[in-house]
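Chain by chain, the residues:
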Amino acid sequence: MRAYLDAVAAGYPSTSPALVYLLGMLAFGALVVFVFILPVAGITSWVERRVWARIQSRIGPNRVGPGGFLQWLADGLKNLLKEDVIPAAVDVPMFRLAPYVVVAGFCAAFVALPFAGSLIIADLNIGILYISAITSLVVIGILMAGWSSNNKWSMLGGIRSATQIICYEIPVGLSIFPAVLLSGTLSMQGIVAAQGWAPTSWHMFHSPFAFVAFVMFFVGALAEGNRTPFDLPEADSELVAGFATEYSGMRSLLFFLAEWGNLYVIGVLVSTLFMGGWQVPHFTDNAVVLTVAQFATMFLKAYFWVFVAMWVRATLPRVRVDQFMTLCWKYMVPIGLVNVIGAATVMVLLPDGSIVLRLIMVTVAVAILVQFARRVLFHLHRADYGRLGRIGEGAA
Amino acid sequence: MSAYVGNIVDSVTSIFDGMAVTFSHFFRRPYTVQYPDRMPVRVQDALPYRYRGFLEVDLEICTGCLACERACPIDCIAIDVLKNKETKQNLLVRFDIDLAKCMYCGLCSEPCPTGSIHHTREFEGADYSLESMVRRFVLDPVETYKPKKSGEDDPAIVPILERGMRYVNEFAVPEAPPKPPKKDAAPAVKPAVGAAAAEGQP
């Protein structure tokens, strides 16, 4: 990227290199936004609706395009064409600016997200720190939206969102520490490079502390992304639509775009920090093939966590504000502190990392998955007697 | 401290099981019925056989007795019968049913001596005008049906009359008939109206 812009700047000696850089950055940013971020966020909205629908024994949108796949385009088009209502009593400049701040905050996170070994917009040496800082820009947008709407519900939503981000920055930060300690770097590519493709070399299986940190990070990231069960800012049943109450048309959609896009960011962060990111076995020397494989790996891992977030949303009810605070300050923060010390202790005691400990951790994880599968089968059998035509089979 | 750990264990295990419940739904069939265009069978055919849908009149066996018109509590049936003095024949010149007014009570089909007026299982009548809901069964004046003392022998009318009488008999009994006669090809659960619905609306 840098080298390419240098070459372009050299081709136009009369223009200032700064201008070339600026234009190049804008063009590249727009490319990434339109080619990757918007489709991913849009498709996520369709996937989310389908996933919920199946969990609720429905079908979901299946009319627009194959399997309803183009629903997100139809919705986007519809929202673009809708009237952009600006209520009379709002603070107009802030009201109009807020969605852009939200979208900017979440798009900026993509700067440091690793897509593949050689695919990253900027491998900042403070990558993870930058991401956790810049995603907090979202809360400023939400607070702006809440305040400028001049509406009780919006304001409560905005304040709640701010509370949420401030509280959950701490456990999320604490659960990033073990991964950073294990990698010895804040750079996203460095963290990925410190792991391997095999699950035994992933950070989450380094020690029990790292595993707890991984779970805590996911929970905290959901809370920061305003996802159910932590969607207090837009709690439909209490606050109408929270900070988005007064918004309509495309401005309203931008908030949800950021929410769905944020899901993907969360997925990438979880897989980068704890699941080996884009690491694949070095099966070929062809750089292009390898990059594609790495990209696919990264995408699938990230999308798996997006799926889990949807699944969680369809499963768990929203927590109350006091429960939410209890969870953060009484549980996640102390456990996070213990985790950091524990992970550091393990590192001191086993400086080269114990393969035995890692194997035990992987075995435990597999056992958890097996138990999960057994529970799923149990519920399936218990619930499906009627549907499989076996109703009353064992009845007296 | 034990309560603290207990809380953590409780939430983790209950969330674990809750997630298993929702995940099991991925392996179940959705309940959604995609009416109207993606149905395994037409919804009309899936309705109970005594469903009171749109009224239909078989003019071949209508005696022009006006029993249905008198029975209708909201006067949505309009019948005009002309009497031909010379031939002693009754001429049916109008038989209109306003389906927009009709409340599908079924009172008209009970007194009908031949089962000429009967309910079908059709119910989709959405339209842009009220007038289109008025069904005009007589386009050209027809002679009314006259029962013969010796029993019906016109091969064109026999099956229609059989259907009508079956309908009347079944409508009069409070429950579904025990079993149709063996010669009847219609399935046991929906003998008469099933046949009528299969004929469909014109």
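Residues numbered from 1 in each chain as written. Chains lettered and ligands numbered in written order. Predicted model: local features only at pLDDT ≥ 70, side-chain atom pairs only at ≥ 80, totals over all residues. Heavy atoms only, no water.

Thoughts on the overall build of chain A
- Counting its secondary structure elements, chain A contains 14 helices and zero strands.
- In chain A, the order of α-helices and β-strands from amino to carboxyl end is α-α-α-α-α-α-α-α-α-α-α-α-α-α.
- Relative to the globule expectation of 21 Å for 396 residues, the C-alpha radius of gyration of chain A, 23 Å, shows essentially globular dimensions.
- Along the three orthogonal principal directions, the C-alpha set of chain A runs to about 80 × 55 × 45 Å.
- With the model as given, the accessible surface of chain A reaches about 18,500 Å², and the carbon-plus-sulfur share is 72%.
- In chain A, which carries 24 positive and 20 negative side-chain charges, the distance between the mean positions of the two groups comes to 9 Å. (Helix = DSSP H or I, 4+ residues; strand = E, 2+ residues; numbered from the N terminus. Rg over C-alpha atoms; globule rule 2.2 N^0.38 Å. Areas by Shrake-Rupley, 256 points an atom, 1.4 Å probe, with all protein chains shown as cover. Lys, Arg positive; Asp, Glu negative; His and termini not counted. Charge placed at Lys NZ, Arg CZ, Asp CG, Glu CD.)

A word on the packing of helix H14 (residues 355-383) of chain A against helix H1 (residues 2-24) of chain B
- The interhelical angle for the contact between H14 of chain A and H1 of chain B, taken along N-to-C directions, is 55°, at an axis separation of 8 Å. With respect to H1 of chain B, the element H14 of chain A is oriented oblique. H14 of chain A and H1 of chain B meet at a crossing whose hand is right-handed. Here Ile368, Gln371, Phe372, Arg375, Val376, His379 and Leu380 of chain A of H14 of chain A come into contact with H1 of chain B, specifically with Phe16, Asp17, Met19, Ala20, Val21, Phe23 and Ser24 of chain B.
- Considered class by class, the residues forming the contact of H14 of chain A with H1 of chain B number nine nonpolar, three polar and two charged. (Axes fitted to C-alpha atoms, helices over the stretch in contact; angles between N-to-C directions. Parallel < 35°, antiparallel > 145°, perpendicular 65-115°, else oblique. Left-handed = near helix turned anticlockwise from the far one by under 90°. Contact = heavy atoms within 4.5 Å. Nonpolar A, V, L, I, M, F, W, Y, C, P; charged D, E, K, R; others polar.)

Focus: the interface of chain B and chain A
- On the side of chain A, 28 residues touch chain B, which itself brings 24 residues to the contact.
- Where chain B abuts chain A, roughly 2,700 Å² becomes buried across the two surfaces, and 62% of that area is made up of carbon and sulfur atoms.
- It is Phe16, Met19 and Phe26 of chain B that lose the most area in chain B upon contact with chain A, and together they represent 22% of the buried surface on that side.
- Run the count over chain B and chain A and you get two salt bridges. (Buried area = accessible area lost by both parts, 1.4 Å probe. Salt bridge = Lys/Arg side-chain N within 4 Å of Asp/Glu carboxyl O.)

Things to note about the pairing of strand S3 (residues 89-98) of chain B
Residue and element names in this part refer to chain B.
- The pairing of strand S2 (residues 77-84) with S3 spans eight bridges and is antiparallel. Along S3, the bridge assignment pairs isoleucine 77 with isoleucine 97.
- The hairpin formed by S2 and S3 contains four residues between the paired strands, and lysine 88 there has a positive phi angle of roughly 60°.
- Where S3 and strand S6 (residues 142-143) come together, two bridges link them in antiparallel fashion. Counterpart to leucine 91 in the pairing with S6 is glutamate 143.
- As paired elements, S3 and strand S5 (residues 134-136) share three bridges and run antiparallel to each other. Following the sheet pairing, isoleucine 97 is matched in S5 by arginine 135. (Pairing = 2+ DSSP bridges.)

Thoughts on the domain arrangement of chain A
All names here are of chain A.
- Each assigned domain of chain A is listed with its residue range as follows: domain 1 (29-81) and domain 2 (86-376).
- The C-alpha-based centres of domain 1 and domain 2 are spaced at 21 Å.
- On the surface where domain 1 and domain 2 come into contact, there are one salt bridge.
- A salt bridge links arginine 313 to glutamate 48; its shortest N-O distance comes to 3.9 Å.
- Counting across the interface, domain 1 meets domain 2 through three residue pairs in polar contact (both at pLDDT 80 or more).
- Elements represented by at least two residues in the side of domain 1 that touches domain 2 include exactly helix H2 (17-55) and helix H3 (71-81). (Domains from an automatic or database assignment. Polar contact = N/O pair within 3.5 Å; in protein donor to acceptor, adjacent residues only side chain to side chain.)

Some details on the nonpolar core
- Grouped together as the largest cluster of nonpolar side chains are 95 residues, with contacts concentrated most on Phe106, Phe110, Phe217 and Tyr264 of chain A.
- Both domains that meet at this core, namely domain 1 (29-81) and domain 2 (86-376) of chain A, each give it at least three residues.
- When near neighbours in sequence (up to four residues on either side) are disregarded, phenylalanine 106 of chain A contacts Ile37, Val138, Leu257, Ala258, Gly261, Asn262 and Val265 of chain A.
- With 21 residues, the next largest nonpolar core counts Leu55, Val57, Cys68 and Leu99 of chain B among its residues. (Core = buried A, V, L, I, M, F, W, Y, C linked by side-chain atoms within 4.5 Å. Buried < 20%, exposed > 50% of the residue type's maximum accessible area, 1.4 Å probe, protein only.)

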